[in-house]
Amino acid sequence: MREISDLLPIGSIVTLDDSEDKLMIFGILQSTGQENDEQYDYIGVPYPMGNIGPDNQFLFQHDNIDEIIHIGYEDEEYIDYISTLEDFYTNE
């Protein structure tokens, strides 16, 4: 995982290594929720279709991003949220 402050905001559009398909990030710091719970930097859905079901949601790491096409919306609320996440993860 990268530094939390380096994570892209929700709404960002990216392509991953070895793929031309675009994904829109709709969640950050996601886990599989399974027994061998793994954490991922992002969860994304195909762009422009959006969330068309759980079989089309993709967990990936920041290092898997090949190209950042668009950076999502950032405001004071987003900055506060990222700060809260940083505090939570550094105080574990």
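This text goes with the structure placed above it.
All of these numbers come straight from a predicted model, not from anything done at the bench.

> Please clarify how the overall build of the protein should be interpreted in this entry.
A tally of regular secondary structure across the protein gives 1 helix and 5 strands. Reading the helices (α) and strands (β) of the protein from amino to carboxyl end gives β-β-β-β-β-α. Here the C-alpha atoms of the protein give a radius of gyration of 13 Å, agreeing with the 12 Å that 2.2 N^0.38 yields for 92 residues. Projected onto its principal axes, the C-alpha coordinates of the protein cover approximately 35 × 35 × 20 Å. Out of the 92 residues belonging to the protein, those deemed buried represent 33%. By element, 44% of the accessible surface of the protein is carried by carbon and sulfur atoms, the whole surface being about 6200 Å².

> Please explain the environment of Tyr 40 as it appears in this structure.
As for its position among the elements, Tyr 40 is in strand S3 (residues 39-46). Considered as a pair, Tyr 40 and Pro 9 are 31 residues apart in the sequence and their alpha carbons are 14 Å apart. Setting aside residues up to four positions removed in sequence, Tyr 40 forms contacts with Leu 29, Gln 30, Thr 32, Leu 59, Phe 60 and Gln 61. Among the polar contacts listed, one links the side chain of Tyr 40 to the side chain of Glu 38, at a separation of 3.4 Å.

> Whenever I open this one, the side chain of Thr 15 confuses me. Can you help?
Among the structural elements, Thr 15 can be located in strand S1 (residues 13-16). Contact partners of Thr 15, with chain neighbours within four places excluded, come to Glu 20, Asp 21, Lys 22, Asn 64, Ile 65, Asp 66, Glu 67 and Ile 69.

> What's the story with the sheet that holds strand S4 (residues 58-60) in this structure? I'm lost.
Pairing between sheet strands relies on hydrogen bonds along the backbone, with the strands arranged either parallel or antiparallel. Strand order in this open sheet of 5 strands is S4-S3-S2-S1-S5, and the pairing throughout is antiparallel. Edge positions in the open sheet fall to S4 and strand S5 (65-70), since each of these has one partner strand only. The mean inter-strand angle of the sheet, taken between neighbouring strand axes irrespective of direction, is 45°. In this sheet, S4 lies alongside S3 in antiparallel orientation, the contact comprising 3 bridges. Within S4, the position partnered with Tyr 42 by the bridge is Phe 60. Contacts between helix H1 (residues 76-90) and the sheet are confined to strand S2 (22-31) and S3, with S2 contributing the most and set at about 40° to the helix.

> Which parts of the structure should I look at to understand H1?
Quick reminder: α-helices carry 3.6 residues per turn. Residues three or four places apart thus point the same way. Its 15 residues give H1 an end-to-end C-alpha distance of 21 Å, which sits within 8% of 21 Å, the value for a rise of 1.5 Å per residue. Check the buried side of H1 and you find it contacts S2. At the N-terminal end of H1, a side-chain oxygen is found 3.1 Å from the backbone nitrogen of Glu 77, two or three residues along, and the residue is Asp 75.

> Would you mind showing me how to read the packing of aromatic side chains here?
Aromatic ring pairs: the centre-centre distance and the angle between the two ring planes describe each pair. Per the stated rule, a full pass over the model turns up 2 aromatic pairs. Measuring from centroid to centroid gives 5.1 Å for Phe 88 and Tyr 89, while their planes differ by 90°, and the two rings are edge-to-face.

> Just checking my understanding: could you explain the nonpolar core for this structure?
As a rule of thumb, nonpolar side chains are buried together in soluble globular proteins. Counting residues in hydrophobic clusters, the biggest one holds 15 residues, and the most contacted among them are Val 14, Ile 25, Ile 28, Tyr 42, Phe 60 and Ile 65. For this core, the secondary-structure elements that each account for two or more residues are S1, S2 and H1.

Calculation criteria
- Residues numbered from 1 in each chain as written.
- Predicted model: local features only at pLDDT ≥ 70, side-chain atom pairs only at ≥ 80, totals over all residues.
- Heavy atoms only, no water.
- Helix = DSSP H or I, 4+ residues; strand = E, 2+ residues; numbered from the N terminus.
- Rg over C-alpha atoms; globule rule 2.2 N^0.38 Å.
- Buried < 20%, exposed > 50% of the residue type's maximum accessible area, 1.4 Å probe, protein only.
- Areas by Shrake-Rupley, 256 points an atom, 1.4 Å probe, with all protein chains shown as cover.
- Contact = heavy atoms within 4.5 Å.
- Polar contact = N/O pair within 3.5 Å; in protein donor to acceptor, adjacent residues only side chain to side chain.
- Pairing = 2+ DSSP bridges.
- Axes fitted to C-alpha atoms, helices over the stretch in contact; angles between N-to-C directions.
- Expected span 1.5 Å × (residues − 1).
- Phe/Tyr/Trp six-rings, centres within 6.5 Å; stacked < 30°, edge-to-face > 60°.
- Core = buried A, V, L, I, M, F, W, Y, C linked by side-chain atoms within 4.5 Å.

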